[in-house]
Amino acid sequence: MDTDKKGINTICTHEGGVKDVLFKGATSPLYTSTSYAFEDVDAKRYPRYFNTPNQEALGKKLAALEHADQAMIFGSGMAAISTALLTFLQAGDHVVFQQTLYGGTYNLVVTQLEKFGISYSFTTGWQVADFERELQQNTKLIYVETPSNPLLTITDLSGVAQLAKSKGLMTMIDNTFASPINQNPIDFGIDVVCHSATKYMGGHSDICAGVVASSKENMEQVYQTAICFGGNLSDYTVWLLERSLKTMGIRVKEQNNNAQKMAHFLLDHPDIVAVHYPGLENHPDHGLAKSQMKGFGGMLSFELSREVDVSQFFKQLKLIKPSMSLAGLESTVSAPVTTSHALMSAEDRKKQGITDFLVRFSLGIENIEDLTEDIEQAINSVKSMQVHA
Ligand SMILES: *Cc1c(COP(=O)(O)O)cnc(C)c1O
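Residues numbered from 1 in each chain as written. Predicted model: local features only at pLDDT ≥ 70, side-chain atom pairs only at ≥ 80, totals over all residues. Heavy atoms only, no water.

(A) Structural context of helix α9 (residues 235–245). D235, V238, L241, E242, S244 and L245 are the residues of α9 that are buried. Along the axis of α9, the buried residues cluster in a sector spanning 165 degrees; they form a single face. Counted as exposed and oriented over 90 degrees from the buried face of α9: Y236 and R243. Buried residues in α9 make contact with α1 (8–14), α2 (53–65), β1 (70–74) and α10 (248–267). (Buried < 20%, exposed > 50% of the residue type's maximum accessible area, 1.4 Å probe, protein only. Helix = DSSP H or I, 4+ residues; strand = E, 2+ residues; numbered from the N terminus. Arc of directions from axis to C-beta. Contact = heavy atoms within 4.5 Å.)

Okay, here's the thing in structure tokens:
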């Protein structure tokens, strides 16, 4: 299929399936074999070689979605990110990481990289100049995350890519929060795109998976590392992920719409003191977000007024569930201070602007009126409890 000419929902639905030549069924047959007769010595199929029929077919859909030559599917987002990093780095190299990293990636960086003789710096902000300031003689790679967690800051993709190219460095992005529906970093010059497919790609809170997408040359290198580390995804789950991806376009669009409406509702609410959402005109990087994103995403964060206790607020919610994870069909909230950013020192949290009153909100596909009503009743319950206490 010539994916350049096809719409995103057509790619989600049709690209990269396994054709059912035997029965002409509508969906991809699932090939569970770990053993394939080899007719050609160069074409040995094996799950850990990432080349079973279902892995190969789904890789094509993912590559098309990210405007990449090739993509590989991993057992988790962290398997994808760690494999990608260790593919391109070696002892003596230095990496510049964006300050606002996903917790698991932060942990990988601070507990593992030094063992391999790889050094690193974190930026103090997310402007291109913040990345440039951390460059060293031996810097090999720049790693970005945009929109970031949990404050939804936006990093200038072309700016960072140009900086890297001017110095002969590689760029890598965690594109999980945006999903390929809202952002295609390769179009802006970023080299390697990683995803936790556990989030928007899976979308139903029942799959743990990861993705790396890049040029043919880069993916050949990722492949060599990946077969050593063995982080492939089971074919059963590959099949389920293909099923999920078919609806990713319509799911994410609805999540974008809900987040935009919720952001406006919260902005106008007297008990909310701050709303962070790149789709709001008052977001400091709204213009940049508009220039590099096709939708502003289903994630936002907000700060409750000091009169509303966060944990009480969570207890009073009826429809929206407090949860560590995100991006499912169902709306969830979390408090970064007690979950994703709990291990960070209070001082570091303050530096990043993460207060004890901050709530991260992952919008699902429920009707927006039901979601705003749930927020309203929860705030009112907490306030009336406090009055009576
Ligand atoms: C969840 C997540 C990851 C890690 O993915 P797993 O599938 O849990 O390994 C990485 N980056 C971001 C932004 C995430 O949200």
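(B) Structural context of the sheet that holds strand β9 (residues 299–304). If you walk across this open sheet you meet the five strands as β8-β9-β12-β11-β10, and the pairing is mixed. Looking at the sheet topology across the chains shown, the edges are occupied by β8 (272–276) and β10 (321–322). Bridge analysis of β10 against strand β11 (residues 332–334) gives two bridges, and the strand direction is parallel. Across the sheet, residue K321 finds its bridge partner in β11, namely T332. Lying over the sheet, α10 contacts β8, β9 and β12 (358–362), oriented at roughly 15 degrees with respect to β9. (Pairing = 2+ DSSP bridges. Axes fitted to C-alpha atoms, helices over the stretch in contact; angles between N-to-C directions.)

(C) Spatial organisation of the sheet that holds strand β2 (residues 94–97). Pairing within the open sheet is mixed, and its seven strands lie in the order β1-β7-β6-β5-β4-β2-β3. The open sheet is flanked by β1 and β3 (119–122), the only strands paired with a single partner. The sheet shows a mean angle of 20 degrees between the axes of neighbouring strands, direction not considered. Here strand β5 (residues 170–174) runs beside strand β6 (residues 192–196); their pairing, made up of three bridges, is parallel. Across the sheet, the residue bridging to D174 is C194, located in β6. Sheet strands touched by helix α6 (residues 157–166): β4 (139–145) and β5. Its angle to β4, the strand with the most contacts, is close to 175 degrees.

(D) How the structure looks around the nonpolar core. Residues M262, L300, F302, L304, F313, F361 and I375 are the most contacted members of the largest nonpolar core, which totals 34 residues. When residues of this core are traced back to their parent elements, those giving at least two are α10, β8, β9, α12 (310–316), β12 and α14 (368–388). At six residues, α14 tops the list of elements feeding residues into this core. Those residues in contact with L300 that lie beyond four places of it in its chain are L152, A259, M262, A263, L266, H276, Y277, V359, R360, F361 and L363. (Core = buried A, V, L, I, M, F, W, Y, C linked by side-chain atoms within 4.5 Å.)

(E) Highlighting the site of the ligand. As a matter of local geometry, the ligand sits amid 13 residues, with M78, D174, S196, T198 and K199 nearest to it. Within the backbone of M78, an N or O atom sits 2.8 Å from an oxygen atom of the ligand. The contact in question runs from a nitrogen atom of the ligand to an N or O atom on the side chain of D174, over 2.6 Å. The greatest single-element share of the shell around the ligand, amounting to three residues, is contributed by helix α3 (residues 77–88). Of the residues contributing to the shell around the ligand, the split by class is five nonpolar, five polar and three charged. (Near = heavy atom within 4 Å. Polar contact = N/O pair within 3.5 Å; in protein donor to acceptor, adjacent residues only side chain to side chain. Nonpolar A, V, L, I, M, F, W, Y, C, P; charged D, E, K, R; others polar.)

(F) Molecular detail of the packing of α3 against helix α4 (residues 103–112). As a packed pair, α3 and α4 sit with axes 10 Å apart at the nearest point and diverge in direction by 35 degrees. In the packing of α3 onto α4, the handedness of the crossing is right-handed. On the side of α3, the interface is formed by M78, I81, S82 and L85, while α4 contributes G104, T105 and L108. Looking at the contact of α3 with α4, its residues break down into four nonpolar, three polar and no charged. (Left-handed = near helix turned anticlockwise from the far one by under 90°.)

(G) Main features of the packing of aromatic side chains. Tallied over the full model, the rule gives nine aromatic pairs. Their ring planes at 65 degrees and their centres at 5.7 Å tell us that Y120 and F122 sit as a pair that is edge-to-face. Residue class for F122 comes out partly exposed when judged on its relative accessible area of 22%. One aromatic cluster is present, built from ring pairs that chain together F97, Y106, Y120, F122 and Y143. One cation-aromatic arrangement involves R306 over F357; the distance from NZ or CZ to the ring centre is 4.0 Å. (Phe/Tyr/Trp six-rings, centres within 6.5 Å; stacked < 30°, edge-to-face > 60°. Lys NZ or Arg CZ within 6 Å of the ring centre and 35° of its normal.)

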